[in-house]
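Each chain is listed here by its residues.
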Amino acid sequence: MRSAQLILPTTAALLFLLAGLSLTSGCNKALCASDVSKCLIQELCQCRPSDGNCSCCKDCMLCLGNLWEECCDCVGMCNPKNYSDSPATSKSTVEELHRPIPSLFRALTEGDAPINMMVVSFPVAEEFTHHENLVSFLESLNSQPQNVSVPGNSIHTGIDPHEKMCTVVYFDDCVSIRQCKQYCESMGGSKYRWFHNACCQCIGPECLDYGSKAVKCLNCLF
């Protein structure tokens, strides 16, 4: 009975704090809610730097980990972000994976792609010529209709069949950076690029750089 009495106030407090996320205009709730709730349950982000109290700041940063930059405003640790000035799709985090399995990646990306992901191939040389300012997938549909097929199928450009290709995989749905790395490792990928809107791209062994800078996750474009 005592444990139930303790759980109810804690749950109520957590629901109150999570409800407060909607009041923070810059908070990316779709990306941050799970990790923020974990840190709030552990009471690691209760202090307020804006009031001169930063006693919990380091613990809160460690708890949020790689999501600190995107989620610190959800717990009142930093100023709300203005996504109109710097959209999440214009920033990304990249990392090389230490134990790639090229044969596995090639096998999983040949032919029709598995459900909930999209395979995109383009000449290796294009990795270094992509525009720095990312365009959304919807914009790329208008400019390159010949590259687009129905979701779940591979996208290939009309190029010399002997030219070396860079193949990448986009997951349709938004995922955390931890999930992105885990998924790409499980596919045998060589690297991954995680866009700060939570779109994940796994990069194949033939790619020389970090794949494409374009966001093409069908359910995670903005």
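Heads up: these notes are all about the structure in this document. These figures come from a predicted structure and were not determined experimentally.

Each value, and the rule that gives it
Residues numbered from 1 in each chain as written. Predicted model: local features only at pLDDT ≥ 70, side-chain atom pairs only at ≥ 80, totals over all residues. Heavy atoms only, no water. Buried < 20%, exposed > 50% of the residue type's maximum accessible area, 1.4 Å probe, protein only. Helix = DSSP H or I, 4+ residues; strand = E, 2+ residues; numbered from the N terminus. Arc of directions from axis to C-beta. Contact = heavy atoms within 4.5 Å. Polar contact = N/O pair within 3.5 Å; in protein donor to acceptor, adjacent residues only side chain to side chain.

1. Digging into helix α3 (residues 57-64)
Here is step 1: Listed in full, the buried residues belonging to α3 are Cys57, Cys60, Cys63 and Leu64. All buried residues of α3 lie within an arc of 125 degrees about the axis, which places them on one face of the element. Exposed residues pointing more than 90 degrees away from the buried face of α3 are listed as Lys58 and Leu62.
Here is step 2: Tucked into the core, α3 has its buried residues touching α2 (29-41), α4 (68-71) and α7 (177-186).

2. Thoughts on the environment of Trp194
Here is step 1: Position of Trp194 among the secondary structure elements: in strand β5 (residues 191-195).
Here is step 2: Note: C-alpha distance between Trp194 and Lys181 (13 residues apart in sequence) is 8.3 Å.
Here is step 3: Sequence-distant contacts of Trp194, that is, excluding residues within four places in its chain, are made with Leu31, Leu67, Ser92, Thr93, Val175, Ser176, Ile177, Cys180 and Cys199.
Here is step 4: Among the polar contacts made by the side chain of Trp194, one reaches the main-chain carbonyl oxygen of Val175 at a distance of 2.9 Å.

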